[in-house]
Amino acid sequence: MTTFWEDRTAARRAVARLAAGLLWLGLWLLFAAAALPWLAAWPWPPAARAWLTVIENLRLLLLTAVSVIAVAGLLMWRGRLVIASCFVAALCGTPVIASIQGQPPVAVETPQLKVVAFNIWTRNRALDRIMAYLREEQPDIVFLEELTEKHKQAFAALKDLYPTQVTCHQSTIDCETLLLSRFPARSWRAGRIDGALPSAAIAELDIDGRTLTAVAVHVVWPFPMAGADAQREQLLHLARSLEAFDGPLLVGGDFNGGAWVRNQRDFRERTGLVAEPGYHPTWPALPIKGRDVPEWLRLPIDHVFSRGGPVVIAAEVGPELGSDHLPLMATVAWPHAATAAAP
């Protein structure tokens, strides 16, 4: 006949085995979630490939869950569980770390431009705060997304600061981007690019007698839509469209994806665009039950890219301005004409 203490010890061991089994099950699921996006290049159906992109965007959340399992394994003295957790953690975190750009070397005396990319959110009612922010910071070029007609009318009050305002006035889906610039535009257009999404506002700006093509753009979510991988289709279309611009190019906006995601990597490789240095999580930004979303839970889905002259040398996240995104403030080196033309 077993004693009370023997029964208690056996119960504790049974609970520990059950807990370890659940942790192993969770780790295997996380391993599958971390490993599947590595196979995104395979010929998946479009909808399945889109879901892989969604999972790939969540690598940092997966890494957080794996870390919890690793700590639990340490507390339970489960060495194999800890080692396996470290392997899955590396699988989750390596692409994120590898995607972070270092600060490019640029001469100190190089002229600089101040650029902001900001998805203001269609339901944003804090326009006064946004305009006060722009008047205080006075960026040279501003890329805005998710604007309604009411928003566009409000930003017209900034004509004294931004005489160049490029947008269009059709449906919100086709015309929800706005490009603001202190510099005059030699040409401009807005709306769908060659009849297809994404929505963009494009201007050839005259800066010191040279042309800088600036593009404000908003790319769709990575979720499958009508069975299609809509985000990838839009990025491929945008990449093909940007081939028409062979001079200095600056692209900014909401790309709905981290720099480590395959869609974003392929876009940069096809266009030769270089992303902003560092890691700058901008979404989600709205407080939840009065509390700000921790920075480690946010994703860096807003970007500023450059090619052919301008170089993004620094970036930082701006304040909360009534949107579910935070503004991304970038410092862009704009070399003198002689320097830019040098081999």
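These numbers were taken from a predicted model, which means no experiment stands behind them. (Residues numbered from 1 in each chain as written. Predicted model: local features only at pLDDT ≥ 70, side-chain atom pairs only at ≥ 80, totals over all residues. Heavy atoms only, no water.)

Q: Please explain the pairing of strand E2 (residues 141-145) as it appears in this structure.
A: When a strand is regular, its side chains alternate between the sheet's two faces. Most of E2 sits out of view: five of its five residues are buried. Every second residue of E2 is oriented toward a common face, with Ile141, Phe143 and Glu145 on one face and Val142 and Leu144 on the other, all of them buried. Bridge analysis of strand E1 (residues 112-119) against E2 gives five bridges, and the strand direction is parallel. Bridging across to E2, Phe118 finds its partner in Leu144. Between the parallel elements E1 and E2, the chain passes through helix H5 (residues 127-137) in a crossover that is right-handed. The sheet contact formed by E2 and strand E4 (residues 177-181) spans five bridges and is antiparallel. Note that in E4 the partner of Glu145 across the bridge is Thr177. (Buried < 20%, exposed > 50% of the residue type's maximum accessible area, 1.4 Å probe, protein only. Helix = DSSP H or I, 4+ residues; strand = E, 2+ residues; numbered from the N terminus. Pairing = 2+ DSSP bridges. Right-handed = clockwise from strand over helix to strand, strands pointing away.)

Q: Any chance you could explain the state of the cysteines here in plain terms?
A: A covalent bond between the sulfur atoms of two cysteines is what we call a disulfide. For the coordinates displayed, the defined rule picks out one disulfide. Between the sulfur of Cys168 and that of Cys175 lies a disulfide, 1.7 Å long from S to S. Between Cys168 and Cys175 the disulfide shows an S-S torsion of about -105°. By sign, it is left-handed. A relative accessible area of 10% means that Cys168 is categorised as buried. Relative accessible area serves as the criterion here: at 1%, Cys175 is assigned to the buried category. Cysteine Cys86 remains unbridged, with the sulfur of Cys92 as its closest cysteine sulfur at 12 Å. (Disulfide = S-S within 2.5 Å.)

Q: What should I look at first to understand the sheet that holds strand E5 (residues 185-193) in this one?
A: Sheet strands pair by backbone hydrogen bonding; their relative direction is either parallel or antiparallel. The strand order E5-E6-E7-E8-E9 describes an open sheet built from five strands, whose pairing is mixed. The open sheet terminates on both sides in strands that have one partner only, identified here as E5 and strand E9 (302-307). Averaged over neighbouring strand pairs, the angle between their axes works out to 15° when direction is ignored. Helix H7 (residues 230-242) rests against E5, strand E6 (196-207), strand E7 (210-218), strand E8 (249-254) and E9 of the sheet, and its axis sits at about 30° to E6. (Axes fitted to C-alpha atoms, helices over the stretch in contact; angles between N-to-C directions. Contact = heavy atoms within 4.5 Å.)

Q: Would you mind showing me how to read empty space enclosed by the protein here?
A: The method is simple in principle: a probe with the dimensions of a water molecule rolls over the atoms, and the space it marks as empty is what remains. One pass over the full model with this rule turns up two cavities of 30 Å³ or more. There is about 100 Å³ of room inside the largest cavity. Every residue along the wall of the largest cavity is listed here: Ser99, Ile100, Gln101, Ala259, Trp260, Ala275, Glu276, Gly278, Tyr279, His280, Pro300 and His303. The residue inventory of the lining of the largest cavity, partitioned by class, reads six nonpolar, five polar and one charged. Its volume calculated, the second largest cavity comes out at about 30 Å³. Taken together, Arg232, Leu235, Leu236, Asn263, Asp266 and Phe267 make up the full set of residues lining the second largest cavity. Breaking the lining of the second largest cavity down by element, the ones donating at least two residues are H7 and helix H8 (262-271). (1 Å grid on protein atoms, 1.4 Å probe; cavity = no way out; pocket = protein on both sides within 12 Å on 5 of 7 lines; lining within 4 Å. Points joined across faces, edges and corners; volume = space filled by probe spheres on them. Nonpolar A, V, L, I, M, F, W, Y, C, P; charged D, E, K, R; others polar.)

Q: Even after reading the chapter, I still don't get the sheet that holds strand E11 (residues 328-333), so can you show me in this structure?
A: Ordered by their spatial adjacency, six strands build an open sheet running E3-E4-E2-E1-E11-E10, and the pairing between neighbours is mixed. The two strands at the open ends of the sheet, each matched to only one other strand, are strand E3 (164-166) and strand E10 (311-317). Taking the axes of each pair of neighbouring strands and ignoring which way they run, one obtains an average angle of 15° across the sheet. Where H5 meets the sheet, it contacts E1, E2, E4 and E11, and its direction lies at approximately 170° from that of E1.

Q: Even after reading the chapter, I still don't get H8, so can you show me in this structure?
A: Counting buried positions over the 10 residues of H8 gives seven, a clear majority of the element. Listing the buried residues of H8 in full gives Arg262, Asn263, Gln264, Asp266, Phe267, Arg268 and Thr271. Along its buried surface, H8 packs onto helix H2 (46-57), H7 and E9. The first or second residue beyond H8 is Gly272, which carries a positive phi of 75°.

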